[in-house]
Amino acid sequence: MRLNAIAFLVGILILEALPQLPARSWALALLGVALMLWRLPRWRLPAWSAAGFLWALLWTPSLPILPVALEDAEFPIEGWIASIPEHNGRRLRFMFKVARVAGDKQRLASLAGSLLSLSWWEDGDAEVEVDANAVPVLRVGDRWQFTVRLRKPWGLRNPGGFDYARWLYAQGVVATGSIRSHSSSQRLAEAERYPLDRYRQRIADRFAQALPGNPYTGILTALTVGERSGIDAWQWEILRRTGASHLMAISGTHVGLVASLAFALVWSLWGRIPAWTLHWPATCAAALAALLSAGGYTLLSGLAVSAQRAFLMVAVAMLALIVRRPAVSGRTLALALLTVLVVDPSAPFSVGFWLSFGAVAVILYSVGDRWRVRHPFSQTIRLQLKITLGLLPLTLLFFQQLPLISPLANLIAIPWIGLTVLPLSLLAALLTSISTTLQAWVLELAALTMEGLWWILLELDRLPDLVWFRPTPPLWTLVFALPGVAWLLAPRGFPGRWLGIPLCLPLLWPPVYAPVAGGFWFTLLDVGEGLSAVVRTHDHVLVYDTGRRLGANLDTGRAVLAPFLRWQGVERVDTLMVSHADRQHTGGVRSLRELFPIGRILTSAPERTPIDGAEPCRAGQDWVWDGVRFRILHPPPYGFRDDNASCVLKVEGATGRVLLPGDIETRAEMSLVEAEGDALAAEVLVAPHQGRRNLSAPAFLKAVRPHYILLATGYHNRYGYPRSDTLTRYQATGAVLFDSSYEGALTFRFEPGERLEPERYRHDHRRYWEKP
């Protein structure tokens, strides 16, 4: 059973890795695979893999494609709110199930029955913060009519970064959009669908009303109903650095505790009544109560994957007690894995899926039947260390970091939450329909206990060198690391356990590649409307601009730059150059400074860019790193301001040059032509204003003579950039044009003997859910 479940998972992973899906008719081969499993047991593992591949293919959603002509067009739609709305300060976001679409019915008919991800901006303006009083209360299951502007699922695509389009696909979302007009928005009916999620929202609302302004309300809500949008960004950062963030996802720890409490309570009460015991054993009654309690909590969690896995394991164990048959723990986990994959073949898209099943597998493998009642405290400490070690490959693969304090933090946090915060929060949820006063009292007590735990986490977070960052390990390192970890976690007395250490070394210290001396790598990152680029030499790193803010609690410094630098194995930024004070260039500065040590910061206007320690960039500054020359060509000390005073940087290696002009306009371009002449020549030019607004002067383009011109206009931006006259002028140079908003991160490797061609991340790593 164990190997069969793993083989089934491998088949699903093979399908996920494909750039294009095979014809769905191939799923008919499932009948042949079933016959193979029956008649050819020697081929069972390949057959199970084929079954996983074909099963996932059969249930892969055939999402309707939003016609390009309809992207950013406005039209009315009607349907139901399908998720608890998330309010992040700038917008309300929620899932919306389409019932009917008005307008071009022939082209929009396919959207009926589809799931959309909608955002509600005040007055339809994404630049204005949401006014809570301007937006009516949105509740799950209500039927609404909205005027929306849609676009196909799209996200930033950079090495090491979060794949938002993949996440949307896993949720079944066919388009994202914004509500354009409040006046045309109308509630048509209440509570027509989704009664479970409506009840979950009711509990979340009651928690917010009972604890107004309390910083721990979001945590209590997450533990109770699985709605985590109320947890602030700074709280997530503390949880990540201490390794306790997994406790905010309802998983085996939480479901197991609820089942255990129900089992103990019913068993003790049932055994006190002899007539009941004679009719049905107390163990069976307690097992049924535990099963029902775990199921109820799983439903309350919103059927999270981790909660489903935990419930399935509890169900198998409790049903074994009811029918009085032994339950083998390893087979139970395999059955839970197989069931989750059959019910939801897209489950492996979630990081939580891997961490959830991985943690339980580590516990079963490292403890098994060797747990002893004696010395529970010391065994618990060892178990936490084993879980940390067992999840090390997944932790480094997904997060490129290891919280060193994690075992201690979890040793404190797991029992603290499990014995105080969680029971009190669930009791408060049960009191929702009974007593508002009593519920508020219980919630205040739960928040007080959470405050005590938070104080401990804060103290742990203050310890130096709390987090160990590593580069993203190549997948081949897992071939050695997984057996190595299994060897290290083997029972005491297993020969040569220390041999697992060398097998883990490639994972812990993976090869970090860098340009040769005299060469450099240039990457224009995909940050949407804005600019951020990284120049890397053999031993140094320069970051040019940091992109924009992505919301109230997120920016491209944290979401794009930092993951990319970690992916490359960078531990320090030698120079950060902020071209000028525009918010599309400075949005990620604070996050980058928090996450990386920075040697020097240069900017064109230190007085307008409030960055501690920033120095002015001035024409004439230059330096050499590893045989690569960096020259600042602009601005001079006087005569230019605002966009025209942008820092203009030229990077010159042994095999090529890159010119980064910031947001300069015609006057600054002509000044550069006059001062530098043919010395402006560069194979790669990042278009001034990233290809937005200003037309580059012909004299400037003639002097640069680029082979490639790079733009960053933002996917389907509302201004219609790049405009046709801009494209015409750039194309007249004979250069090849690429836009990072459509191509993903663009990387050029200037190295001896290497042909200069861009690596287009979105194109080179396309998967079947990304339509070209």
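Calculation criteria
- Residues numbered from 1 in each chain as written.
- Predicted model: local features only at pLDDT ≥ 70, side-chain atom pairs only at ≥ 80, totals over all residues.
- Heavy atoms only, no water.
- Core = buried A, V, L, I, M, F, W, Y, C linked by side-chain atoms within 4.5 Å.
- Buried < 20%, exposed > 50% of the residue type's maximum accessible area, 1.4 Å probe, protein only.
- Helix = DSSP H or I, 4+ residues; strand = E, 2+ residues; numbered from the N terminus.
- Contact = heavy atoms within 4.5 Å.
- Pairing = 2+ DSSP bridges.
- Axes fitted to C-alpha atoms, helices over the stretch in contact; angles between N-to-C directions.
- Disulfide = S-S within 2.5 Å.
- Phe/Tyr/Trp six-rings, centres within 6.5 Å; stacked < 30°, edge-to-face > 60°.
- Lys NZ or Arg CZ within 6 Å of the ring centre and 35° of its normal.
- Salt bridge = Lys/Arg side-chain N within 4 Å of Asp/Glu carboxyl O.

So, about the nonpolar core. Residues Ile219, Leu220, Met248, Val255, Tyr297, Ile417 and Trp454 are the most contacted members of the largest nonpolar core, which totals 55 residues. Counting only elements with at least two residues in this core, the list comes to helix H6 (195-210), helix H7 (217-225), helix H8 (233-242), helix H9 (252-270), helix H11 (282-300), helix H12 (305-322), helix H17 (406-430) and helix H18 (436-461). Take this core: its biggest share by element is ten residues, from H18. Beyond its immediate sequence surroundings of up to four residues, Met248 is in contact with Ile219, Ala222, Leu223, Arg228, Ile231, Trp236, Leu239 and Ile417. Membership of the second largest hydrophobic core comes to 29 residues, among which are Met577, Val658, Phe748 and Phe750.

Cis geometry is adopted by the peptide bond preceding Pro635, which originates at His634 and carries an omega value of 10°. Assignment of secondary structure puts Pro635 in the loop between strand S17 (628-634) and strand S18 (648-652). One non-glycine residue, Tyr194, adopts positive backbone phi at about 55°. By relative accessible area, Tyr194 is classed as partly exposed at 25%. In this structure, Asp545 is a non-glycine residue whose phi angle is positive, near 65°.

On to the sheet that holds strand S21 (residues 708-711), then. With mixed pairing, seven strands are arranged side by side in an open sheet as S16-S17-S18-S19-S20-S21-S22. Only two strands of the sheet have a single partner each, and these edge strands are strand S16 (622-625) and strand S22 (736-739). Between one strand and the next, the sheet's axes are offset by a mean angle of 20°, whatever the strand orientation. Taken together, the four bridges between S16 and S17 define a ladder with antiparallel strand orientation. Bridged to Val624 within S17 is Arg629. Along the sheet, helix H24 (residues 666-676) makes contact with S17 and S18, crossing S17 at roughly 125°.

Another aspect to go through is the sheet that holds strand S12 (residues 541-546). An order of S15-S14-S13-S12-S11-S10-S23-S24 is seen for the eight strands of this open sheet, with the pairing classed as mixed. A strand with exactly one partner marks an edge of an open sheet, and here the two such strands are strand S15 (615-616) and strand S24 (759-760). Bridge analysis of strand S10 (residues 520-524) against strand S11 (residues 532-536) gives four bridges, and the strand direction is antiparallel. Bridged to Thr523 within S11 is Val534. Packed onto the sheet, helix H21 (residues 556-568) meets S10, S11, S12 and strand S13 (573-578) and runs at close to 165° relative to S12.

So, about the state of the cysteines. Using the criterion set out here, one finds one disulfide in the structure. Between Cys617 and Cys647 runs a disulfide, and the two sulfur atoms are separated by 1.9 Å. Because the torsion about its S-S bond is -90°, the bridge between Cys617 and Cys647 counts as left-handed. Of this pair, Cys617 sits in the loop between S15 and S16 while Cys647 sits in the loop between S17 and S18, and the two are 30 residues apart along the sequence. In this structure, Cys617 and Cys647 share a single accessibility class: buried.

Now for the packing of aromatic side chains. In the structure shown here, the tally under the stated rule is 27 aromatic pairs. Positioned above the aromatic ring of Phe596 is the side chain of Arg566, whose terminal nitrogen or guanidinium carbon lies 4.0 Å from the ring centre.

The subject of this paragraph is the pattern of salt bridges. Summed over the entire model, instances satisfying the criterion amount to 30 salt bridges. With a closest N to O distance of 2.6 Å, Arg143 and Glu78 form a salt bridge. Remark: Glu78 occurs in strand S1 (residues 74-81) and Arg143 occurs in strand S5 (residues 143-151); sequence separation between them is 65 residues. By the burial criterion, Arg143 is buried, and Glu78 matches it.

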